[in-house]
Amino acid sequence: MINGFIMDKKRDFLRRIVAEDLESGKYSRVVTRFPPEPNGYPHIGHAKSISINFGIARDFGGVCNLRMDDTNPTTEDTEYVEALKDAVEWLGFKWEGDVRYTSDYFDKLYEWAKELVKKGKAYVDSLPEDKMREYRGTVTSPGKRSEYANRSIEENLDLLERMKNGEFKDGEHVLRAKIDMSSPNMKMRDPLLYRIRHAQHFRAGDKWAIYPMYDFAHCLSDYIEGVTHSLCTLEFENNRDIYDWVIDTLGLEPPRPYQYEFARLNINYTVMSKRKLLELVNKGVVSGWDDPRMPTIAGLRRRGYTPESILNFCEQIGVAKANSVVDVAQLEYAIRDDLNKKVPRVMCVVNPLKVTIENYEGSEELQALYYPHDVPKEGSRKLPFSKEIYIDRGDFEENPPKGYYRLTPTQPVRLKHAYIIEFKEAIKDENGNIVELIVTYHPDSKSGSDKSGIKVKSAIQWVEAKSAKEVELRLYDRLFKCEAPEGIEDINPNSLQIVKGALVEPAVIEERADVRFQFEREGNFFADPIDYSDEKPVFNKIVALKDSWAKKSKPKPKQEPKKPKPKTKQTGGEMAELNEQEQALFDKFIQKYGLNKQVASIFARDEVLAKFFEEATKEYNSAVTVANIVANDVAKELKSKSLEELKFSPKDVAILAKMVDEEIISSKIAKEVFEAMSQSGQNPEQIVESRGLKQISNPDEILPIIDEVIAKNPDNVAKYKDGNQKLFGFFVGQVLKATGGKANPKVVNELVSKKLQEA
RNA sequence: UGGGGUAUCGCCAAGCGGUAAGGCAGUGGCUUUUGGUGCCACCAUUCGGGGGUUCGAAUCCCUCUACCCCAUCCA
């Protein structure tokens, strides 16, 4: 850390942008914000956004605001505000100052709206909704502007005022930005700024009859709060143009915020959309927003997930722009990993099978550590032991499969923290089901002082019959049975299994060392914060332990048929046909200049490039070299700039080509020169001169460098000699790097090859 | 269909012209009084396809393909 910045080079693209902006002095401190609309319960997707926004502020020594984007009075409620605040706090973040509300800015926003009207950049439209939609056009055809768009500024101001005063009914008028009804970006076709809504706002009450739209309110709210980086999800990419338009058109003083988008979180075997989550709750598929199977923060929390595990998860999955679906196994790993370091280990028998130890009399109390040797935490509890105990039904097999480590008629097993027992007899009911086991124990095999010399393959959990406590276990599985569930039809019918007669050792209830426990060999469990009582303890299964035995022994749990992934191999893909005129040009470029087909077709389709090329080649008659530079490097520049903006001329390119042809510079350096030229507009020869970029072809100069590189990388030399041909490029690269790219690569290649042979 | 995006291992994801990072999942082995944990090893001759430029391309150029977003008075 330097100056509070994390200097880690492995930054995600957002952090890279922030770092650059801070370094360039664009902003003196970073301000982000987490801006949910309080119209639903936050889920793990919000956690990602929280982690990004608060995380970036934290990493760069800035601040992050929590803002309720409450511009739609009909959907929002204070209930959700509380849930959102709660979620941020639970995850361990602190927002700057008080919670912000877009509704607190309504007055200021309204002033800005009037400003826009006065500038002739907004108007009151009175088109009915369906007409407005019709006028908007389609993605392929331009829209047309409403006839109301040419109302006078005075009239607009008057109408807007009266809209605000509640003189009109919902839907009668709207305020729209006057931008461009034929914009290819549909969002820019005169977007709505305000609509009339006679509704009770959960904070503003009935003060307002008009409410600002997202596109108007969001950018300005960011601006008001001094936000520097407005981070949102990908679906707002098209809205960025309006974001900028509003701020620019209002002519607001810098510094101003800029919007950047990242991919929202998706996880397989679950749904994330508000609508689908709501459906689960409303149809009673789950018990509520905090059902432990829900991907909501409340659900995860009630399931027993820790905030740390969720934050770690968010960090692990990274931030990028590709739409992706994270494997739920990654989330499960995060919670296992966190809990492994934290929770006490205790014993719970899920499926009790009575065991009588024939040769044991009386009772005793064993001392047992809460944590295994590899968890550096202290604490222990007393474990009652007597003749009658329970073990799990799964830990005894009369006819064990191969590789079975637990108790069998011929295989002894250790009772964890206690003695080694050996099978004697199985008592069965009339149906042949085992109801009880008679075993014997080895008195000298006590845990910690074992002198029996008996080797067992495993130690199993158990509870003493009289002292054991009955608990309810709620075993959760994925809510959906398929990876990409659509809705209720994909629900996993076995997502909740309630086990009533499970038995735990008494300390779990009486001592309650924690709210989370690892029931050894079973999984991590959480005392349900709502339904748990000492009389009727209830534990939620947070996550199972990894179980490589189950994986090995069971063939495979039946997987739901996956949606087929059509991985078709792709063939060449023909380029669209050239039209007649282009064809003629194409032929000319090939015949007259001897260009290859690829370059010729680029020029045949691109008039600007073609002209540039022809002018350059007039200056220096080496068509192929010139053409390659034009078709590659000039084309790149022209992607983001117009011809007029180019700082170099065809002549400059001609000179550059000439230097390449004459081997004054290598083509690698030519790229560098080109870049400098297009940035500064300097003459290429000057650039080469002032930067000393002339090519080094003299072996006497290059050889020592090669020797040095070879000497420095003995292991790579060995690998190369071992047949790793790829490493050749590595050596060439190292040498080139050492010469600042100036060494003649052809010469270097030759020499490296020779030297490597000798080495 | 116009525009805006995105494609690197089964799933995430680094990489920005010079040896294809890392995590999850998976597979072997060692350790283990949890079939847990930990440790070790293996797991992309190749970056959506095809061309081009270059001594050298996942990275630059052209092109094709697939997927996502946009025509709410939602956010």
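Above this note sits the structure.
It should be emphasised that the depicted structure is a prediction, and the values quoted were computed from it without experimental measurement. (Residues numbered from 1 in each chain as written. Chains lettered and ligands numbered in written order. Predicted model: local features only at pLDDT ≥ 70, side-chain atom pairs only at ≥ 80, totals over all residues. Heavy atoms only, no water.)

Peer 1: I'm lost on the overall build of chain A in this one. Help?
Peer 2: Regarding its fold elements, chain A presents 25 helices and 25 strands. For 759 residues, the compact-globule formula gives about 27 Å, and the C-alpha radius of gyration of chain A, at 36 Å, lies well above that figure. Principal-axis analysis of the C-alpha atoms places the extent of chain A at approximately 105 × 90 × 55 Å. Looking at the 759 residues of chain A, the share that counts as buried comes to 50%. The contacts of chain A with a sequence gap of at least 6 include a subset with a gap of at least 24, amounting to 70%. (Helix = DSSP H or I, 4+ residues; strand = E, 2+ residues; numbered from the N terminus. Rg over C-alpha atoms; globule rule 2.2 N^0.38 Å. Buried < 20%, exposed > 50% of the residue type's maximum accessible area, 1.4 Å probe, protein only. Contact = heavy atoms within 4.5 Å.)

Peer 1: Sorry if this is basic, but what is going on with the packing of helix α18 (residues 623-640) against helix α20 (residues 667-680) here?
Peer 2: Each pair of packed helices can be summarised by the angle the axes make with each other and by the distance between the axes. Put simply, α18 and α20 touch, their axes get as near as 11 Å, and they point 40 degrees apart. As summarised for this structure, α18 and α20 are arranged oblique, according to the angle between their axes. Taken as a pair, α18 and α20 cross one another with a handedness that is right-handed. Residues I629, D633, V634 and E637 of α18 form the contact with α20, whose participating residues are K671, F674 and S678. Each residue belonging to the contact of α18 with α20 can be placed in one class, and the counts come to three nonpolar, one polar and three charged. (Axes fitted to C-alpha atoms, helices over the stretch in contact; angles between N-to-C directions. Parallel < 35°, antiparallel > 145°, perpendicular 65-115°, else oblique. Left-handed = near helix turned anticlockwise from the far one by under 90°. Nonpolar A, V, L, I, M, F, W, Y, C, P; charged D, E, K, R; others polar.)

Peer 1: I tried to follow the environment of K457 on my own but got confused; where do I start?
Peer 2: Following the sequence through the fold, K457 ends up in the loop between β18 (434-441) and β19 (459-460). Sequence spacing of K457 and R414 is 43 residues, and the spatial spacing of their C-alpha atoms is 8.2 Å. For K457, the residues in contact, after removing those within four places along its chain, are Y405 and Q411.

Peer 1: Would you take a moment to explain the packing of aromatic side chains for this structure?
Peer 2: Within a pair of aromatic rings, the relevant descriptors are the distance that separates the centres and the angle that separates the planes. On inspection of all chains with the given rule, the structure shows 33 aromatic pairs. A connected cluster of aromatic rings, assembled from ring pairs, spans Y360, F385, Y419, Y441 and W462. Taking NZ or CZ as reference, K144 lies 4.6 Å from the ring centre of Y135, over its face. The residue whose ring lies beneath K588 is F589, and the NZ or CZ to ring-centre distance is 5.3 Å. (Phe/Tyr/Trp six-rings, centres within 6.5 Å; stacked < 30°, edge-to-face > 60°. Lys NZ or Arg CZ within 6 Å of the ring centre and 35° of its normal.)

Peer 1: Just to check I follow, could you spell out the pattern of salt bridges for this structure?
Peer 2: Pairing between side chains becomes possible if they bear opposite charge and their charged atoms approach one another. Per the counting criterion, the structure on display carries 57 salt bridges. Note that K387 and E361 form a salt bridge whose closest N and O atoms lie 3.0 Å from each other. Here K387, found in the loop between β14 (380-386) and β15 (388-392), pairs with E361, found in the loop between β12 (352-357) and β13 (363-369); they are 26 residues apart in sequence, far enough to count as distant. Its relative accessible area of 61% is what places E361 among the exposed residues. Salt bridges linked by common partners bring D290, R302, E472, R474, K500, D528, D531 and K536 together as one network. (Salt bridge = Lys/Arg side-chain N within 4 Å of Asp/Glu carboxyl O.)

Peer 1: Would you mind going over unusual backbone geometry with me for this structure?
Peer 2: Outside of glycine, negative phi angles account for most residues, and trans bonds account for most peptide bonds. Of note, the bond from P254 into P255 is cis; its omega dihedral lies within 30 degrees of zero at 0 degrees. Positive phi is not limited to glycine here, since E663 has a value of about 60 degrees. As for its placement among the helices and strands, E663 is situated in the loop between α19 (650-661) and α20.

Peer 1: Can you help me understand the sheet that holds strand β16 (residues 413-415) in this one?
Peer 2: Consider a sheet: its strands pair through backbone hydrogen bonds, and that pairing is either parallel or antiparallel. The strand order β19-β16-β17-β18-β12-β15-β20 describes an open sheet built from seven strands, whose pairing is mixed. Only two strands of the sheet have a single neighbouring strand rather than two, namely β19 and β20 (462-464). Relative to β19, β16 runs parallel, the two sharing two bridges. Counterpart to L415 in the pairing with β19 is I460. (Pairing = 2+ DSSP bridges.)

Peer 1: I keep staring at the state of the cysteines and nothing clicks. Help me out?
Peer 2: A covalent bond between the sulfur atoms of two cysteines is referred to as a disulfide. Summed over all chains, the structure comprises zero disulfides. With no disulfide of its own, C219 lies closest to C232 among cysteine sulfurs, the gap being 12 Å. (Disulfide = S-S within 2.5 Å.)

Peer 1: Hey, could you run me through the protein's contact with RNA strand B in this one?
Peer 2: In the region of RNA strand B, 97 residues are neighbours, and R133, D374, S447, Q570 and L736 sit closest. Restricting attention to atoms of RNA strand B within 4 Å of the protein, one finds that 60% of them are sugar or phosphate atoms. For RNA strand B, a sugar or linking oxygen lies 3.1 Å from a polar atom in the side chain of N238. Per-class residue counts for the surface near RNA strand B are 32 nonpolar, 33 polar and 32 charged. (Near = heavy atom within 4 Å. Polar contact = N/O pair within 3.5 Å; in protein donor to acceptor, adjacent residues only side chain to side chain.)

Peer 1: Teacher, can you tell me more about the environment of Q679 here?
Peer 2: Relative to the helices and strands, Q679 resides in helix α20. Measuring from C-alpha to C-alpha, the distance between Q679 and R145 comes to 41 Å, with 534 residues separating the pair along the chain.

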